[in-house]
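# Survey of secondary and tertiary structure
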Amino acid sequence: MKMKDEKVHNDKSDWEGLREIDRAISENRLTSYSWKKAWADPWGRIKLIAIFVALAAFVAFVIVNDVIL
């Protein structure tokens, strides 16, 4: 079994990024992996923050418009 694993890891056409994603899927942690990768990317972090700020602004607008006014 060890020989088979070594052959898979030493294959020239094997892509390390895909192996990491495959490992994440097999360990059932793809969502955590995706969030960590998005947060590690500076542009991804800015996009996530902008989305959450826009969502919070929309919720505040709905509360003010429907409840208070």
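This text goes with the structure placed above it.
Residues numbered from 1 in each chain as written. Predicted model: local features only at pLDDT ≥ 70, side-chain atom pairs only at ≥ 80, totals over all residues. Heavy atoms only, no water.

### Some words on the overall build of the chain
The condition is simple: Numbering of helices and strands starts at the N terminus; helices are DSSP runs of H or I of at least 4 residues and strands are runs of E of at least 2. Per-residue and other accessible areas were derived by the Shrake-Rupley procedure at a 1.4 Å probe size, with only the shown protein chains allowed to occlude residues.
The secondary structure content of the chain amounts to 4 helices and 0 strands. Listing each helix as α and each strand as β along the chain from the N terminus yields α-α-α-α. Per element, the accessible surface of the chain, about 6500 Å² overall, is 66% carbon and sulfur.

### Some words on the packing of helix α3 (residues 30-40) against helix α4 (residues 42-68)
Defined as follows: Between N-to-C directions, angles cover 0 to 180 degrees, with each direction set by a line fitted to C-alpha atoms, over the stretch in contact for helices. An angle below 35 degrees is treated as roughly parallel, one above 145 as roughly antiparallel, one from 65 to 115 as roughly perpendicular, and anything else as oblique. Residues count as neighbours in contact if any of their non-hydrogen atoms are within 4.5 Å of one another. We call Asp, Glu, Lys and Arg charged. Ala, Val, Leu, Ile, Met, Phe, Trp, Tyr, Cys and Pro are nonpolar, and the rest, Gly among them, are polar.
Between α3 and α4, the least distance of the axes is 5 Å, while the angle of their chain directions is 105°. The pairing of α3 with α4 is recorded here as roughly perpendicular in orientation. Facing α3, whose interface residues are Trp35, Ala38, Trp39 and Ala40, α4 presents Pro42, Gly44, Arg45, Leu48, Ile49 and Phe52. Broken down by class, the residue content of the contact of α3 with α4 amounts to 8 nonpolar, 1 polar and 1 charged.

### Observations regarding the packing of aromatic side chains
Put simply, the test is: Each Phe, Tyr or Trp ring, with Trp reduced to its six-membered ring, pairs with another whose centre is within 6.5 Å; inter-plane angles below 30 degrees give stacked pairs, above 60 give edge-to-face pairs, and intermediate values give tilted ones. In this scheme, the term charge over a ring applies when either NZ of a lysine or CZ of an arginine sits within 6 Å of the ring centre and within 35 degrees of the ring normal.
Summed over all chains, the structure comprises 1 aromatic pair. The residue whose ring lies beneath Arg45 is Trp39, and the NZ or CZ to ring-centre distance is 5.1 Å.

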